[in-house]
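The primary structure of each chain is shown beneath.
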Amino acid sequence: MLHDITASNRASWNQIHHARPGEPASFFVAGGSTLTEEELVAAGDVRGRRVLHLACSCGDEVLSWAQLGASVTGVDISEVALAMAIEKSTATGIAADFVRADMLALPESLTGFDLIYLSWGAICWLPDLDVFATSIAARLTPGGSVLIAEHHPVWETLAVRGPNQLEVTADYFGRTTPLAAVENSKRPTGARDNPDAPTFQAFIWPPSDVITALLKAGLTLARFSEAPDPDSYPGLGPTASALPATYLILATRDVSRGTSPGSP
């Protein structure tokens, strides 16, 4: 069933990715980066480190990490997205590797990473957190980290209907139940305001569930933070800054552990 869900989403991503080009090559040639200050602080110095970016889309963050001196591999389920990423890497002269794969079925060769990174719209495509967390924990070097910077599920469940007016459009505790419908402002670029857009199967996972899955996989929580982003609630007014819109998780693999999660 998990494969059926991700295969269906892959076909949908391939239909809309032409509308998701990200930043132009010139942005990176000029030294631009799409990483936030909080992400950079949490990750620390990545020079000489191996970084795996899952759900990398058109490669903007891959190129941003690479410009900081990391050896980066980007993974995405969409070959259309990866073709755009490879073209951008070639045009900028910024070296990076790209692999087409499902986050729940990564090739065995993808292992030995110092940092595994997910950002802004990755977690909602996972139908099983435990399978995912166990897989990525095993691919970290001892002392390596998982960094997740994400939309907050509160944002995913609320739609702005006017100043100080919100409507609950989804179940915050939906978990393994795919969303019956995705409110227009939460749909991916390329699907938003598009009556002919393909359907997707997405999920809402509370941050507590994400953290618990990582802990069960043998990782240690190093950092968890939530933050507002008023721009995420356009039209709400001043109270938009009183709601969480993003969260960040940093979890590490204990240097004393063996090669598999949970080993002594």
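Calculation criteria
- Residues numbered from 1 in each chain as written.
- Predicted model: local features only at pLDDT ≥ 70, side-chain atom pairs only at ≥ 80, totals over all residues.
- Heavy atoms only, no water.
- Core = buried A, V, L, I, M, F, W, Y, C linked by side-chain atoms within 4.5 Å.
- Buried < 20%, exposed > 50% of the residue type's maximum accessible area, 1.4 Å probe, protein only.
- Contact = heavy atoms within 4.5 Å.
- Helix = DSSP H or I, 4+ residues; strand = E, 2+ residues; numbered from the N terminus.
- Patch = residues over 30% accessible without salt bridge, like charges linked within 9 Å, V, L, I, M, F, W, Y side chains within 5 Å.
- Areas by Shrake-Rupley, 256 points an atom, 1.4 Å probe, with all protein chains shown as cover.
- Salt bridge = Lys/Arg side-chain N within 4 Å of Asp/Glu carboxyl O.
- 1 Å grid on protein atoms, 1.4 Å probe; cavity = no way out; pocket = protein on both sides within 12 Å on 5 of 7 lines; lining within 4 Å.
- Points joined across faces, edges and corners; volume = space filled by probe spheres on them.
- Nonpolar A, V, L, I, M, F, W, Y, C, P; charged D, E, K, R; others polar.
- pLDDT = per-residue confidence, 0-100.
- Expected span 1.5 Å × (residues − 1).
- Arc of directions from axis to C-beta.
- Polar contact = N/O pair within 3.5 Å; in protein donor to acceptor, adjacent residues only side chain to side chain.
- Phe/Tyr/Trp six-rings, centres within 6.5 Å; stacked < 30°, edge-to-face > 60°.
- Lys NZ or Arg CZ within 6 Å of the ring centre and 35° of its normal.

Novice: In this structure, what is going on with the nonpolar core? I would like to understand it.
Specialist: Nonpolar side chains tend to gather and get buried jointly when the protein is soluble and globular. Ranked by size, the top nonpolar core spans 34 residues in total, and within it Leu54, Ile116, Leu118, Ile123, Ile148, Val210 and Leu214 carry the most contacts. Here Ile116 is in contact with Leu52, Leu54, Ile136, Arg139, Leu140, Ser145, Val146 and Leu147, once residues within four sequence places are set aside. Listed in part, the 22 residues of the second largest apolar core include Val62, Trp65, Ala85 and Phe98.

Novice: I keep staring at unusual backbone geometry and nothing clicks. Help me out?
Specialist: Of note in this structure, Asn164 is not a glycine but carries a positive phi near 60 degrees. Positionally, Asn164 belongs in the loop between strand E6 (158-162) and strand E7 (165-168). One non-glycine residue, Arg175, lies in the positive phi region at around 50 degrees. Counting through the fold element by element, Arg175 comes out in the loop between E7 and helix H8 (207-216).

Novice: Looking at this structure, how should I read a nonpolar patch on the surface?
Specialist: Among the surface-exposed residues, Leu215, Leu221 and Phe224 lie close enough to one another that they form a single nonpolar patch of about 240 Å² accessible area. Mapped onto the elements of the fold, Leu221 is located in strand E8 (residues 219-227).

Novice: Just checking my understanding: could you explain the environment of Ala43 for this structure?
Specialist: Within the secondary structure layout, Ala43 lies in helix H3 (residues 37-43). The buried category is assigned to Ala43, whose relative accessible area is 10%. Note: C-alpha distance between Ala43 and Gly32 (11 residues apart in sequence) is 18 Å. In contact with Ala43, not counting residues within four places along its chain, are Arg49, Trp65, Leu115 and Leu147.

Novice: Even after reading the chapter, I still don't get the side chain of Ser64, so can you show me in this structure?
Specialist: You can see Ser64 is positioned in helix H4 (residues 60-67). Since its relative accessible area comes to 2%, Ser64 is described here as buried. Each residue touching Ser64, except ones within four places of it in the same chain, is listed here: Phe28, Ser33, Thr34 and Leu35.

Novice: Explain empty space enclosed by the protein to me, please; I cannot follow it from the model alone.
Specialist: Leftover empty space is mapped by rolling, across the atoms, a probe with the size of a water molecule. Overall, the coordinates contain 3 cavities of 30 Å³ or more when judged by the stated rule. Considering only enclosed or pocket space, the largest cavity measures out at about 50 Å³ in volume. Along the walls of the largest cavity sit Ile123, Cys124, Glu150, His151, Glu156, Phe203, Ile204, Trp205 and Tyr247, which together make up its complete lining. Across the lining of the largest cavity, the residue classes break down as 6 nonpolar, 1 polar and 2 charged.

Novice: I keep staring at the confidence of the model for the protein chain and nothing clicks. Help me out?
Specialist: Regions with low pLDDT should not have their predicted coordinates read in detail. In this model, the protein chain carries a mean pLDDT of 92, and residues with pLDDT of at least 70 account for 96%. Scored below 50 in pLDDT, residues 259-264 shows 15 contacts in the model against residues more than four places distant or in partner chains.

Novice: Can you walk me through helix H5 (residues 79-92) in this structure?
Specialist: Residues lying three or four places apart along an α-helix face the same way, a consequence of the helix completing one turn every 3.6 residues. Taking 1.5 Å per residue, 14 residues should reach 20 Å; H5 reaches 20 Å between its end C-alpha atoms and fits that length. For H5, the complete set of buried residues consists of Ala81, Leu82, Met84, Ala85, Lys88, Ser89 and Thr92. Mapping the buried residues of H5 onto a view down its axis gives an arc of 155 degrees, with all of them on the same face. Facing away from the buried side of H5 by more than 90 degrees, the exposed set consists of Glu87, Thr90 and Ala91. The N-terminus of H5 is capped by Ser78, whose side-chain oxygen sits 3.3 Å from the backbone nitrogen of Val80.

Novice: I keep staring at the pattern of salt bridges and nothing clicks. Help me out?
Specialist: Between side chains of opposite charge, pairing is possible as soon as their charged atoms come close. All chains considered together, the criterion is met by 8 salt bridges. With its nearest N and O atoms 2.7 Å apart, the salt bridge here joins Asp60 to Lys88. Of this pair, Asp60 sits in helix H4 while Lys88 sits in helix H5; the two residues are 28 residues apart in sequence, bridging distant segments of the chain. When its relative accessible area of 7% is taken as the criterion, Asp60 is described as buried. Between Arg161 and Glu183 there is a salt bridge, and its shortest N-O distance comes to 3.4 Å.

Novice: Help me out: how do you make sense of the packing of aromatic side chains in this one?
Specialist: The relative placement of two aromatic rings is captured by the distance of their centres and the angle of their planes. In this structure the tally under the stated criterion is 5 aromatic pairs. With a centroid separation of 5.0 Å and 90 degrees between ring planes, the pair formed by Phe27 and Phe28 is classed as edge-to-face. Judged by relative accessible area, which is 0%, Phe28 ranks as buried. Between the aromatic rings of Tyr172 and Phe173, the centroid separation amounts to 5.0 Å while the plane-to-plane angle is 70 degrees, which identifies the pairing as edge-to-face. Its relative accessible area of 53% is what places Phe173 among the exposed residues. Residue placement shows Arg50 over the ring face of Phe113; its charged tip is 4.2 Å from the ring centre.

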